[in-house]
Amino acid sequence: MKTVTIALLACILTAQTPKTSLLPDAQLLAITAEASGSLAKDTIIDLARFHRVHASPGFHEAAEYIAAKAREYGLEDVHIELFPADGKTTYNTFRSYLGWEPHFGHLVEISPRSERNEEIADYSKQRTALADYSNIAFVITELIDVGAGTSAKDYEGKDVKYQIVLAGGDVATVHRQAVELRGAFGVLSYQPNQVTGWSGDYPDLVRWGHLSPYNEKNTFAFMISSRRAHEFQSRLGRGDKIELQAMVDAQIKPSNFEVVTGVIRGTDPDAGEIIFSCHLCHQKPGANDNASGAAAILEDARLLALLIKTRTLPQPRRTIRFIWPPEIAGTMCYLARHADEIPKMRAAIHMDMVGGDPKITKSILHLTRTPASLPSFVNDVAAVFGEYVLDGARRAAMEGDFSDANISPEGSKDMLLADFHDFTMGSDHDVYEEGSFRVPTIYMNDWPDVFIHTNLDTPDNMDATKLQRVAVIGAASGYFLASAGAGEGKKLAGEVFARGGQRQARALQQALAANLLPDAYNYVEQAGRGEQAALQSVAQLIPEAKPVVDGLLAKSNARLEESKAVLAELRGKQIRGDETLSRVIPARNPKVIGNLDVYYYDYLKDHLDTVPAVKLNGTLAYEALNLVDGHRNVMEIHNTLRAAYGEVAPQDLLDYFKVLEKAGVVSIRGLP
Ligand SMILES: [Zn+2]
């Protein structure tokens, strides 16, 4: 009897306290019940068999695999789109790479250790042994140590002609220095991986290396571990003469980028689309980067298609589109060809490295916010569902309460190691969020992963429970965004307003701690404007929410004024900083569409005879251009960058815009 009462009470309490503010519990629980981390991990195991280099046979096999699964799972209009990858065809600002067809790559020592038939690298057993874009070769020659091998001084007093150079620097740069400029036959590289707190702790990692994807005259590069390289270095240092035999059957040649897509149709073609994005490429095994993201969005496709087909979830208003491209290049191609779809893209969910077991990979899952140039509701949607999943995982780990734990039967019971993170670059979300496209994106990504881009990024490092939780955050966010109508518009505006208040409070804290008064006022000003833009973005997704949004905008503005009043009280009156560039206004050339910096491709280098040295690079350069809208002046752009990303000199910003003007990317008016 007592039990019944408690159960009833629990029932009432549950009914009164929904699990999230955005989705009805019945819909959220349908998603959590269906999501499967073990299915996602199975997909990773399958994908990890393919060496998925852009425009290569391995990528093609992976694309066919994903397309077949997407059809099996009930997506509509599933197809693989081809985009010429011939080193010439351009897709907006991006010039395509060439394709690559590898068959064979074998490096052995024939002297002095010929008796033992020393095998150094074998592509058939380990795909990372041969650098991408290597070409056919058969040579027997000596090995010579050139240190990093990336600058002229590494070659002083050394004749590398007709030799294989042992080098630790960026392998494409070494190829240029040693092979193209000095006549070496090829490269034996121990280029280390990206820097993390564990760099150097894993001497047997073999990095996935790349020669230039534009150079048909590449010879070859083999990749080895630092342990192996140090053995060679000490033998060469003792004066040993080491003779190697290199055999490569591979060809850099025109091919096609392949992009897999499929949709779950919405009820209203005019209500826009929600994108699920990832990148399907990378080396074998490439489990976390990025079979995991490809598998997690496939799992979201499967569960959403199933729940909608069985009418467990109502058909959403907006179409949900799933895209599996080769990283960045494929997204650039897709957005170039489907310019008509871009205005319909209301939001994207991008997953790149989402399955790493932190005990093994040291990874933290980040729910990464949009850049300062693109304040958006998506950050708060991700926060709502991210907090729900995190909270469930925490209660399971700390209290043994598994009611919202989202644990895979084949995964761990561990707490989810995750955070909400300010904008970082490095994946296809850079393209969606670029100033030409402005598709706000929820970016889910592990960092670090000590095995990224190596032979040991294996499926064994993946936790099925983490994958399941990521799939839940993705599916719940995506389904909410796709189905949100007038009622949801109110809820979402409320979330953005409430969470925006927290962010504005943090900006005030930052302002009170700032050294300079102009900075202090700038922090609160930028935070306030950012929150107002985020509120307005709700009405872009859900036009019916406009009256609610307008009401909240006034309140948000009052909050900004209140912060300024607190600053005046505690720190003194506002003092203007240097505003000399406030009459200088850059405007973007509407014909130059897309990102200027795409891994191996640099738009400025390709369009200027010489690129003047500029101090702005990375996120600052990307965001500087994103903020160019023909209205903002250089000081306003500076102020936004300063508050979001730290120190930047106004003159450096102006210098960068002048270079962009030279390349025809922007025009500048009001120059003194
Ligand atoms: Zn990646």
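Residues numbered from 1 in each chain as written. Predicted model: local features only at pLDDT ≥ 70, side-chain atom pairs only at ≥ 80, totals over all residues.

Q: Go over the pairing of strand β4 (residues 99–111) with me, naming the residues and quoting the values.
A: Relative to strand β10 (residues 243–253), β4 runs antiparallel, the two being bridged by 11 bridges. In the strand pairing of β10, Phe 104 is matched with Asp 249. Bridge analysis of β4 against strand β5 (residues 118–122) gives 4 bridges, and the strand direction is antiparallel. Looking at β5, one finds that His 106 is bridged to Asp 122. (Pairing = 2+ DSSP bridges. Helix = DSSP H or I, 4+ residues; strand = E, 2+ residues; numbered from the N terminus.)

Q: Which residues make up the sheet that holds strand β13 (residues 319–324), and what values do they have?
A: Strand order in the open sheet made by the 8 strands is β1-β11-β13-β12-β14-β17-β15-β16, with mixed pairing throughout. The open sheet has two free edges, formed respectively by β1 (76–85) and β16 (418–421), since each of these has just one partner strand. Recorded for the sheet is a direction-independent mean angle of 20° between the axes of neighbouring strands. In this sheet, strand β17 (residues 441–447) lies alongside strand β14 (residues 345–351) in parallel orientation, the contact comprising 4 bridges. Bridged to Ala 348 within β17 is Thr 441. Against the sheet, helix α12 (residues 464–483) makes contact with β12 (273–277), β13, β14 and β17, and its axis sits at roughly 175° relative to β14, the strand it touches most. (Axes fitted to C-alpha atoms, helices over the stretch in contact; angles between N-to-C directions. Contact = placed C-beta atoms within 7 Å.)

Q: An account of the sheet that holds strand β7 (residues 164–167) is needed here, citing residue identities and associated values.
A: Strand order in the open sheet formed by 7 strands is β5-β4-β10-β6-β7-β8-β9, and the pairing between neighbours is mixed. Strands with a single pairing partner mark the edges of an open sheet, and in this sheet they are β5 and β9 (221–223). Here the strands of the sheet are splayed against their neighbours by 25° on average, with no regard to which way each runs. In the sheet, β7 pairs with strand β8 (residues 186–189) via 4 bridges, with the strands oriented parallel. Across the sheet, Leu 166 pairs through a bridge with Leu 188, a residue of β8. The strands that helix α6 (residues 226–237) touches are β6 (137–145) and β7; relative to β6, the one it contacts most, it runs at about 65°.

Q: If you had to explain the pairing of β16 to someone new, which residues and values would you point to?
A: Side-chain positions along a regular strand alternate between the two faces of the sheet. Two elements, strand β15 (residues 364–368) and β16, share 4 bridges in a ladder whose sense is parallel. The residue of β16 that forms the bridge with Thr 368 is His 421. Following the backbone out of β15, through helix α10 (residues 378–399) and into the adjacent parallel β16, one traces a crossover that is right-handed. (Right-handed = clockwise from strand over helix to strand, strands pointing away.)

Q: Tell me what's going on with the domain arrangement of the chain, and back it up with residues and numbers.
A: Taken domain by domain, the chain consists of domain 1 (27–90 + 257–483), domain 2 (99–253), domain 3 (486–571) and domain 4 (585–669). Inter-centroid distance (C-alpha atoms) of domain 2 to domain 4 is 37 Å. (Domains from an automatic or database assignment.)

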